[in-house]
Amino acid sequence: MSEVQEDAFIPFEIQMGLLCDLSESPFPTKVFGLRDDELTLAPGATHYGMVVSGGAILHDRLDRYRLRAGMFFCWPGAGTLRGPGCTALIVSRLDYLGLRQVGGPLESTGRLRYIDGCTDTLLVCPPRLGEPCLNHLHIPPGTAQSQHTHPSERLGVILRGRGECRTPSGVWELKPGMAWRIPTGSRHSFYTTDSSLDVIAWHPDSDFGPTDTAHPMINKTILLPRPQ
């Protein structure tokens, strides 16, 4: 992929196989597409998947999960995603071990407030402070987001609705099934008119998450004096 500018938004069509190689980035990552076929999930990575349309089977030697449109997963290590008639985007974070999760389908709106009237749900939380996360961003109709940037890469897919992504260098139409990349520091904003927009966004890092000294189990444990 060619060098990107600070105001770049990079859309790409989901095709079968490797779509984007960011293995030399600060957070080594590869992006894959599944389209009417079978994709092998490599060992030594954690795979974040988003089913855009159709259905798929996610499995390894022990477990098997049936997925449908709007469902997502976090899958550490080797596995297989098989989906005749399915379109899915898979973000593989290399050299990282996440927690296995399968969830969805998505709710109609997010649970947390975001900028300019948008909402967000943290679909896959970081197991520890600083680790990757997966989000569902809901943008209501009639939204004109403020221009903003992010301190690390953003990767994802448009799941439902229509809108625009606007940057200083151009405007891109957003529609269901469009995968996208927003490089670190890129200026952008999302716009909608008469339709809402539902976006799945993967973050390679976070400033949120539990630590050894601050997590629900230890925070809600009240130690009592030992008997004398």
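Everything below is about the structure printed above this text.
### What to know about the overall build of the chain
Counting secondary structure elements, the chain contains one helix and 18 strands. Taken along its principal axes, the extent of the C-alpha atoms in the chain is 70 × 40 × 35 Å. The 228 residues of the chain split such that 47% are buried. Excluding contacts between residues fewer than 6 apart, the proportion of contacts in the chain whose partners are at least 24 apart in sequence is 69%.

### Examining the pairing of strand β13 (residues 154-161)
Extensive coverage of β13 is indicated by the burial of seven of its eight residues. Across four bridges, the pairing between β13 and strand β16 (residues 178-182) is antiparallel. Each bridged residue has a counterpart across the sheet, and for Val157 the counterpart in β16 is Ala179. Direction of pairing for β13 relative to strand β18 (residues 197-203): antiparallel, over a ladder of six bridges. Residue pairing in the sheet places Arg160 in a bridge with Asp198 of β18.

### A few points about the nonpolar core
Core analysis: the biggest nonpolar cluster contains 23 residues, and Tyr48, Met50, Leu89, Leu134, Val157 and Ile200 have the highest contact counts within it. At the level of secondary structure, the elements contributing two or more residues to this core comprise β2 (17-22), β4 (45-53), β7 (72-76), β8 (79-94), β11 (119-124), β13 and β18. Those residues in contact with Leu134, other than ones at most four positions away along the chain, are Tyr48, Met50, Phe72, Thr121, Leu122, Leu123, Val124, Ile200, Ala201 and Trp202.

### Quick notes on the environment of Ala42
Mapping Ala42 onto the fold places it in the loop between β3 (29-41) and β4. Along the chain, Ala42 and Leu224 lie 182 residues apart, while their C-alpha atoms are 47 Å from each other. Excluding its chain neighbours within four sequence positions, the residues that come into contact with Ala42 are His47, Gly77 and Ala78.

### What to know about the pattern of salt bridges
A side chain of one charge can pair with a side chain of the opposite charge when the charged atoms of the two come close. In this structure the tally under the stated criterion is eight salt bridges. The closest approach of N and O atoms between Asp212 and Arg128, which form a salt bridge, is 3.3 Å. A residue pair is termed long-range when its members are at least 10 positions apart, and Asp212 in the loop between β18 and α1 (216-219) and Arg128 in the loop between β11 and β12 (133-139) qualify at 84 residues. In this structure Asp212 comes out as exposed when scored by relative accessible area, which is 54%. Beyond isolated ion pairs, a larger network of salt bridges with shared partners links Asp60, Asp63 and Arg100.

### Structural notes on the state of the cysteines
Inspection of every chain in the model, using the stated rule, returns zero disulfides. In this structure Cys86 is not part of a disulfide, and its nearest cysteine sulfur, from Cys74, lies 18 Å away. On the basis of relative accessible area, Cys86 is assigned to the buried category, the value being 0%. Looking at the unpaired Cys118, the closest cysteine sulfur is the one in Cys165, lying at 12 Å. Given the relative accessible area of 2%, Cys118 is considered buried.

### With respect to the packing of aromatic side chains
Enumeration according to the criterion identifies four aromatic pairs in this entry. Summarising the aromatic geometry, the rings of Phe9 and Trp180 are spaced 6.4 Å apart at their centres and angled 20° between planes, so their arrangement reads as stacked. Highlighted residues: Phe9 in the segment before β1 (10-13) and Trp180 in strand β16, separated in sequence by 171 residues. Plain terms: the ring middles of Tyr48 and Trp202 are 5.8 Å apart, the flat faces sit at 55° to each other, and that makes the pair tilted. With Tyr48 in strand β4 and Trp202 in strand β18, the pair connects residues that are 154 residues apart, well separated along the chain. Side by side, Tyr48 and Trp202 carry an identical accessibility label, which is buried. Each member of the aromatic cluster is reached from another via a ring pair, and the members are Phe9, Trp172 and Trp180.

About the thresholds
- Residues numbered from 1 in each chain as written.
- Predicted model: local features only at pLDDT ≥ 70, side-chain atom pairs only at ≥ 80, totals over all residues.
- Heavy atoms only, no water.
- Helix = DSSP H or I, 4+ residues; strand = E, 2+ residues; numbered from the N terminus.
- Buried < 20%, exposed > 50% of the residue type's maximum accessible area, 1.4 Å probe, protein only.
- Contact = heavy atoms within 4.5 Å.
- Pairing = 2+ DSSP bridges.
- Core = buried A, V, L, I, M, F, W, Y, C linked by side-chain atoms within 4.5 Å.
- Salt bridge = Lys/Arg side-chain N within 4 Å of Asp/Glu carboxyl O.
- Disulfide = S-S within 2.5 Å.
- Phe/Tyr/Trp six-rings, centres within 6.5 Å; stacked < 30°, edge-to-face > 60°.

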